[in-house]
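Chains, contacts and geometry: an overview
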Amino acid sequence: MKITLAANWKMNLQQIDIENFINELKHASSVDIILAAAFPYLTLINENDKFHAAAQNVHDAESGAFTGEVSVTMLSDLNINYCIIGHSERRQYFSENDDLIAKKAEILIGHNITPIICIGENLEERQSGETLDIVNRQLSSIFTNIEVQSTFIIAYEPVWAIGTGQTASPEQAQEVHQFIRDFLNKRYNSEKANSTSILYGGSMNESNAKALVEQNDINGGLIGSASLNATSFNAIIDSVKDK
Ligand code: PGA
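Our next topic: the overall build of the chain. A count of helical and extended segments in the chain gives 11 helices and 8 strands. C-alpha extents for the chain along the principal axes are approximately 45 × 45 × 35 Å. For the chain, long-range pairs separated by at least 24 residues make up 71% of all intrachain contacts whose partners lie at least 6 apart in sequence. Split by element, the accessible area of the chain, about 11200 Å² in all, is 44% carbon and sulfur. Averaging the coordinates of the 17 positive side-chain charges in the chain and doing the same for the 31 negative ones gives two points 3 Å apart.

Per the counting criterion, the structure on display carries 10 salt bridges. One salt bridge connects aspartate 32 with lysine 2, and the closest N-O pair in it is separated by 3.5 Å. Separated by 30 residues along the polypeptide, aspartate 32 in strand 2 (residues 31-36) and lysine 2 in the segment before strand 1 (3-8) bring together distant segments of the chain. Classification of lysine 2 as partly exposed rests on a relative accessible area of 39%. For glutamate 89, the salt bridge is made with lysine 10, and the minimal N-O distance between the two is 2.8 Å. Placement of the pair is glutamate 89 in helix 4 (residues 88-93) and lysine 10 in the loop between strand 1 and helix 1 (15-24), with a sequence separation of 79 residues.

What follows deals with the sheet that holds strand 1. Pairing between sheet strands relies on hydrogen bonds along the backbone, with the strands arranged either parallel or antiparallel. Read around the closed barrel, 8 strands run 1-2-3-4-5-6-7-8, paired in parallel fashion. Averaged over all neighbouring strand pairs, the angle between strand axes comes to 25°, with direction disregarded.

Turning our eyes to something else, we now look at the site of the ligand. Around the ligand lies a shell of 13 residues, among which Lys10, His87, Glu157, Gly163 and Ser225 are the nearest. In the model, an oxygen atom of the ligand is placed 2.7 Å from a nitrogen or oxygen of the glycine 163 main chain. The backbone of glycine 224 places a nitrogen or oxygen atom 2.8 Å from an oxygen atom of the ligand. Bound to the protein, the ligand loses 99% of the 280 Å² it would expose on its own. Broken down by class, the residue content of the shell around the ligand amounts to 4 nonpolar, 7 polar and 2 charged.

With respect to the helices, strands and loops of the structure, isoleucine 107 is situated in helix 5 (residues 98-110). By relative accessible area, isoleucine 107 is classed as buried at 12%. Residues isoleucine 107 and histidine 59, 48 residues apart in the sequence, show an inter-C-alpha distance of 9.0 Å. Excluding residues within four positions of it along the chain, isoleucine 107 makes contact with His59, Asp60, Ala61, Glu62 and Val72.

Conventions and cut-offs
- Along every chain, residues carry numbers that run from 1 in the direction the sequence is written.
- Only residues with pLDDT of at least 70 get local features here, since the model is predicted, and only at 80 or more are side-chain atom pairs given and counted; chain-wide, interface and lining totals rely on the full set of residues.
- Derived side-chain values reflect all non-hydrogen atoms in the structure, with water molecules and hydrogen atoms excluded from consideration.
- Numbering of helices and strands runs from the N terminus, with a helix taken as a DSSP run of H or I at least four residues long and a strand as a DSSP run of E at least two residues long.
- Residue contacts follow a heavy-atom distance rule, with two residues in contact if any of their heavy atoms lie within 4.5 Å.
- Note that accessible areas follow from Shrake-Rupley with a 1.4 Å probe, and for residues the cover is restricted to the protein chains shown.
- In this charge count, Lys and Arg are treated as positive and Asp and Glu as negative; neither His nor the chain ends contribute.
- A charge is said to be at NZ when it belongs to Lys, at CZ for Arg, at CG for Asp and at CD for Glu.
- Take a side-chain nitrogen of Lys or Arg and a carboxyl oxygen of Asp or Glu: if they are within 4 Å of each other, that pair is a salt bridge.
- Each residue's exposure class comes from its accessible area (1.4 Å probe, protein chains only) as a fraction of the maximum for that residue type: buried when under 20%, exposed when over 50%, partly exposed otherwise.
- Two strands pair if DSSP finds at least two bridges between them.
- To get an axis, fit a line to the C-alpha atoms, keeping to the stretch in contact for a helix; angles then go from 0 to 180 degrees between the N-to-C directions.
- Neighbouring residues are identified by heavy atoms, a residue being near a molecule or strand if any of them is within 4 Å of it.
- By the criterion applied in these results, polar contacts are pairs of N or O atoms within 3.5 Å in which, for protein atoms, one can donate a hydrogen and the other can accept it, and in which residues neighboring in sequence qualify only through two side-chain atoms.
- Under the convention adopted here, Pro, Cys and the residues Ala, Val, Leu, Ile, Met, Phe, Trp and Tyr are nonpolar, Asp, Glu, Lys and Arg are charged, and Gly plus all remaining residues are polar.

So this is what it looks like as structure tokens:
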């Protein structure tokens, strides 16, 4: 499977930064690059056909009186093909839960936008040995109504590793990724399980990316801090492109 590297810029970078980033960004035919910019800048990314644009959020209704929100039909109108949903920052600061994330996944899929569905345990859950139970609960809620023919990406992002500089070891990440693939195998079939990209996210950078994507079930990364400048993102591309 082709490696996917998705940059999650969160509420960072402005027009000039994004233009410079795109000019400096390397292209490797073995790597799919997705750039998740804030809403005002998404079309800047779509001007370039070497990279894909991703939104960082979407509302679960098609339209309506929801001041400040952005709908799936608007993303689709602008030819945005990917959207991150369920990120732990949205779960934490905007109280999003798995039921809402399931609705967002379904409405995106219904408009042919690929959701990048984030799941993962927090530190307390990891320390009490509940990681796989939590991941199973999240997956079971989100994948209730999603049909086998749908296209989606899953990002395993242990909350304790996001923005902390503390990465899951390749073995810790692989254990959960394999569990996710087994879940897809049981929920759908082996073809679906083996063709779904499962990304790792949480302090991925140029020094740990290679060891992570060398694991059997890690198909790339969702990268925050190390995606904020083209030099470190290019170094990650270089380190994984020959997997
Ligand atoms: P990080 O962020 O790489 O800075 O840990 C990852 C994410 O939040 O998706």
